[in-house]
Amino acid sequence: MTLEIRNLSKFFDSVRALDDVSLKIPDGSFTSFLGPSGCGKTTLLRVISGLETADSGTIHLDAVDLSNKHPSQRNFGVVFQSYSLFPNLTALKNVTYGLECRGWDPKRANARAKEMLDMVHLVDQAHKLPGQMSGGQQQRVAIARAIATEPSVLLLDEPLSALDAKVRTELRQEIKRIQHDTGITTIMVTHDQAEALEMADQIVVLRDGRIEQVGSAQDLYNNPKTEFVANFIGSINTLRVTSGADGVPFFGSQPLKALTPMSHDAVLGIRPEAITLSTEPFQNVVSLPATVTTVRFLGNFSIVGISPDCAPDQILTVELHGAAATAAVGNKVFANLNPDHLRELQS
Ligand SMILES: Nc1ncnc2c1ncn2[C@@H]1O[C@H](COP(=O)(O)OP(=O)(O)OP(=O)(O)O)[C@@H](O)[C@H]1O
Ligand SMILES: [Mg+2]
């Protein structure tokens with residue numbers, strides 16, 4: 001089912017936690033809310049679930065207006081960061097509990113709970129109490145419990161953040177598989193860009209309660225609109241460029257004739273792997289004479305810092321892979337920037 005959020009705003013006293021947020025979550029999609037601490041991710045998720053009320057705006061599931069419906073009437077499955085299992089109930093009972101509360105007869109609830117635990121590969125742990133299970137196992141029980149009632153939307157608030165790195169990576173795959181197999185429309189909050197890039201079909205980048213940009217992982221990586229998005233998803237070089245005579249852009253003292261004229265000063269972004277180094281200047285690109293200032297060898301690639309002669313303070317970072325990964329501090333080089341990979345970024 002498609003979830004549509006229109007013009008949601010929410011204040012906590014004077015803090016504007018959500019500022020006119022509008023968004024479509026397509027049926028069957030995996031959407032991630034991504035952003036730094038305090039940007040409003042949890043608040044948005046809680047407003048969607050009905051645990052929090054917005055000051056203004058609406059939430060529709062297909063044609064149905066949910067805005068004034070109690071959480072229990074929304075039929076959403078919710079999993080939070082901290083393990084929210086009942087400590088005195090076994091894994092199986094934790095899953096059957098919600099079903100029995102909804103009036104399922106115990107036998108049917110038991111069969112469904114076993115099916116769900118099987119889906120998260122925990123059938124053999126069904127008899128255990130939460131305290132006897134690992135963090136990753138507890139989160140899988142929480143997911144089984146949330147999905148058991150066949151919710152129309154699954155809401156996950158940083159479900160992996162309390163787990164260690166290895167378990168996190170395994171569970172990413174697991175959650176993705178479950179989402180794919182069940183086809184359930186899913187929203188997951190995270191502040192981990194790698195998690196969002198790997199799992200989500202649609203990433204919503206939030207900043208100070210506002211949507212900064214929405215798109216697929218590829219969209220956001222290849223066409224970030226702002227410096228914030230460009231730096232939040234991967235890393236990027238920013239070139240502060242001024243508009244000179246006839247609109248020729250200047251980077252420090254060097255005119256960039258390979259670029260189309262611009263009528264205003266701008267910030268241009270380019271990813272570290274989109275810059276190449278050479279001993280002679282390349283034609284038809286921005287080719288900047290520069291000096292290598294740092295080299296970090298990282299096995300299959302190196303991260304090289306260069307200081308352009310035209311703007312020595314604006315150090316650029318270059319990622320060199322494989323055989324190209326040869327540079328030494330002090331080398332005089334040309335840094336070649338293909339204009340197709342230079343993007344104007346808003347601040
Ligand atoms: N119950 C509350 N009372 C007062 N202020 C709140 C409350 N909940 C959230 N806020 C404020 O609203 C803003 C957004 O908070 P929110 O919890 O949604 O951020 P978040 O993106 O989930 O952050 P984190 O990554 O740290 O979980 C913050 O400034 C926060 O301090
Ligand atoms: Mg949060």
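Residues numbered from 1 in each chain as written. Chains lettered and ligands numbered in written order. Predicted model: local features only at pLDDT ≥ 70, side-chain atom pairs only at ≥ 80, totals over all residues. Heavy atoms only, no water.

### Remarks on the sheet that holds strand S2 (residues 15-25)
In any sheet, the strands associate via hydrogen bonds between backbone groups, in a parallel or an antiparallel arrangement.
Piece 1. Pairing within the open sheet is antiparallel, and its 4 strands lie in the order S2-S1-S4-S5. Pairing within the sheet leaves two strands with one partner each, and these edge strands are S2 and strand S5 (64-65).
Piece 2. Pairing analysis gives 7 bridges linking strand S1 (residues 3-12) to S2, with the strands arranged antiparallel. Looking across to S2, one finds that Phe 11 is bridged to Arg 16. (Pairing = 2+ DSSP bridges. Helix = DSSP H or I, 4+ residues; strand = E, 2+ residues; numbered from the N terminus.)

### Some points on the confidence of the model for the protein
Piece 1. When pLDDT is averaged across the protein, the result is 93; 99% of the residues are at 70 or more.
Piece 2. In the model of the protein, helix H2 (residues 71-74) stands out as the element of lowest mean pLDDT, 88, in contrast to strand S10 (residues 210-215), which has the highest, 98. (pLDDT = per-residue confidence, 0-100.)

### So, the pattern of salt bridges
Piece 1. Enumeration over the complete set of coordinates arrives at 18 salt bridges.
Piece 2. Here Asp 192 makes a salt bridge to Arg 172, at a shortest N to O gap of 3.8 Å. Remark: Arg 172 occurs in helix H6 (residues 165-182) and Asp 192 occurs in the loop between strand S8 (185-190) and helix H7 (193-199); sequence separation between them is 20 residues.
Piece 3. Under the relative-accessibility criterion, Arg 172 is labelled buried at 11%.
Piece 4. Here the salt bridges do not stand alone but share partners, grouping Arg 168, Arg 172, Asp 192, Glu 195 and Glu 198 into one network. (Salt bridge = Lys/Arg side-chain N within 4 Å of Asp/Glu carboxyl O. Buried < 20%, exposed > 50% of the residue type's maximum accessible area, 1.4 Å probe, protein only.)

### Description of empty space enclosed by the protein
Any empty space left between the atoms is revealed when a probe the size of a water molecule rolls over them.
Piece 1. By the definition in use, this model includes 1 cavity of 30 Å³ or more.
Piece 2. Of the pockets and cavities examined, the largest cavity occupies roughly 40 Å³.
Piece 3. Lining the largest cavity are Phe 30, Ile 143, Ile 147, Leu 154, Ile 175, Ile 178, Gln 179, Ile 184 and Thr 186.
Piece 4. At the level of elements, helix H5 (135-148) and H6 are the ones that each hand at least two residues to the lining of the largest cavity.
Piece 5. The element contributing the most residues to the lining of the largest cavity is H6, with 3 residues.
Piece 6. Of the residues belonging to the lining of the largest cavity, the class tally is 7 nonpolar, 2 polar and no charged. (1 Å grid on protein atoms, 1.4 Å probe; cavity = no way out; pocket = protein on both sides within 12 Å on 5 of 7 lines; lining within 4 Å. Points joined across faces, edges and corners; volume = space filled by probe spheres on them. Nonpolar A, V, L, I, M, F, W, Y, C, P; charged D, E, K, R; others polar.)

### Structural notes on the site of ligand 1
Piece 1. Lining the immediate environment of ligand 1, one finds Phe 12, Val 15, Ala 17, Pro 36, Ser 37, Gly 38, Cys 39, Gly 40, Lys 41, Thr 42, Thr 43 and Glu 158.
Piece 2. With the chains in place, 59% of the 630 Å² that ligand 1 exposes on its own is no longer accessible.
Piece 3. Contributions of two or more residues to the shell around ligand 1 are made by S2 and helix H1 (41-49).
Piece 4. At 3 residues, the largest contribution of residues to the shell around ligand 1 is made by H1.
Piece 5. A per-class count over the shell around ligand 1 returns 5 nonpolar, 5 polar and 2 charged. (Near = heavy atom within 4 Å. Areas by Shrake-Rupley, 256 points an atom, 1.4 Å probe, with all protein chains shown as cover.)

### As for the environment of Ser 287
Piece 1. Of note, Ser 287 is situated in strand S16 (residues 286-297).
Piece 2. Sequence spacing of Ser 287 and Leu 256 is 31 residues, and the spatial spacing of their C-alpha atoms is 8.6 Å.
Piece 3. Those residues in contact with Ser 287 that lie beyond four places of it in its chain are Gln 254, Pro 281, Phe 282, Phe 334, Ala 335 and Asn 336.
Piece 4. Within polar-contact distance, the side chain of Ser 287 engages the backbone nitrogen of Phe 282 at 3.1 Å. (Contact = heavy atoms within 4.5 Å. Polar contact = N/O pair within 3.5 Å; in protein donor to acceptor, adjacent residues only side chain to side chain.)

### With respect to H5
Piece 1. The end-to-end C-alpha distance of H5 is 20 Å, a good match for the 20 Å that 14 residues give at a rise of 1.5 Å each.
Piece 2. At the C-terminal side of H5, Glu 150 shows a positive phi close to 50°. (Expected span 1.5 Å × (residues − 1).)

### Examining unusual backbone geometry
Piece 1. Unlike most non-glycine residues, Asp 62 shows phi in positive territory, near 50°.
Piece 2. Secondary-structure assignment places Asp 62 in the loop between strand S4 (56-61) and S5.
Piece 3. Assessed through its relative accessible area of 44%, Asp 62 is described here as partly exposed.
Piece 4. One non-glycine residue with positive phi stands out, namely His 121, at about 60°.
Piece 5. With respect to the helices, strands and loops of the structure, His 121 is situated in the loop between helix H4 (106-119) and H5.

### Some remarks on the nonpolar core
Piece 1. Counting residues in hydrophobic clusters, the biggest one holds 45 residues, and the most contacted among them are Val 95, Leu 117, Val 141 and Ile 203.
Piece 2. Element by element, the count of residues in this core is highest for H5, at 7 residues.
Piece 3. Contact partners of Leu 117, with chain neighbours within four places excluded, come to Ala 91, Leu 92, Val 95, Leu 122, Val 123, Ala 126, Val 141 and Ala 144.
Piece 4. Listed in part, the 26 residues of the second largest apolar core include Leu 259, Ala 290, Val 304 and Ile 306. (Core = buried A, V, L, I, M, F, W, Y, C linked by side-chain atoms within 4.5 Å.)

### Concerning the domain arrangement of the protein
Piece 1. Once the domains are mapped, the protein shows domain 1 (3-231) and domain 2 (235-345).
Piece 2. Just the C-alpha atoms count here: the centres of domain 1 and domain 2 sit 41 Å apart.
Piece 3. The interface is formed by 10 residues belonging to domain 1 together with 10 residues belonging to domain 2.
Piece 4. Note on domain 1 versus domain 2: buried area summed over both sides is about 790 Å², and carbon and sulfur give 42% of it.
Piece 5. Per-residue buried area on domain 1 facing domain 2 is highest for Tyr 221, Glu 227 and Ala 230; these three make up 59% of the total on that side.
Piece 6. Joining domain 1 to domain 2, the criterion identifies 1 salt bridge.
Piece 7. Of the charged contacts, one joins Arg 240 and Glu 227 as a salt bridge, the two residues approaching to 3.1 Å between their closest N and O atoms.
Piece 8. Considering only residue class, the side of domain 1 that touches domain 2 consists of 4 nonpolar, 4 polar and 2 charged. (Domains from an automatic or database assignment. Buried area = accessible area lost by both parts, 1.4 Å probe.)

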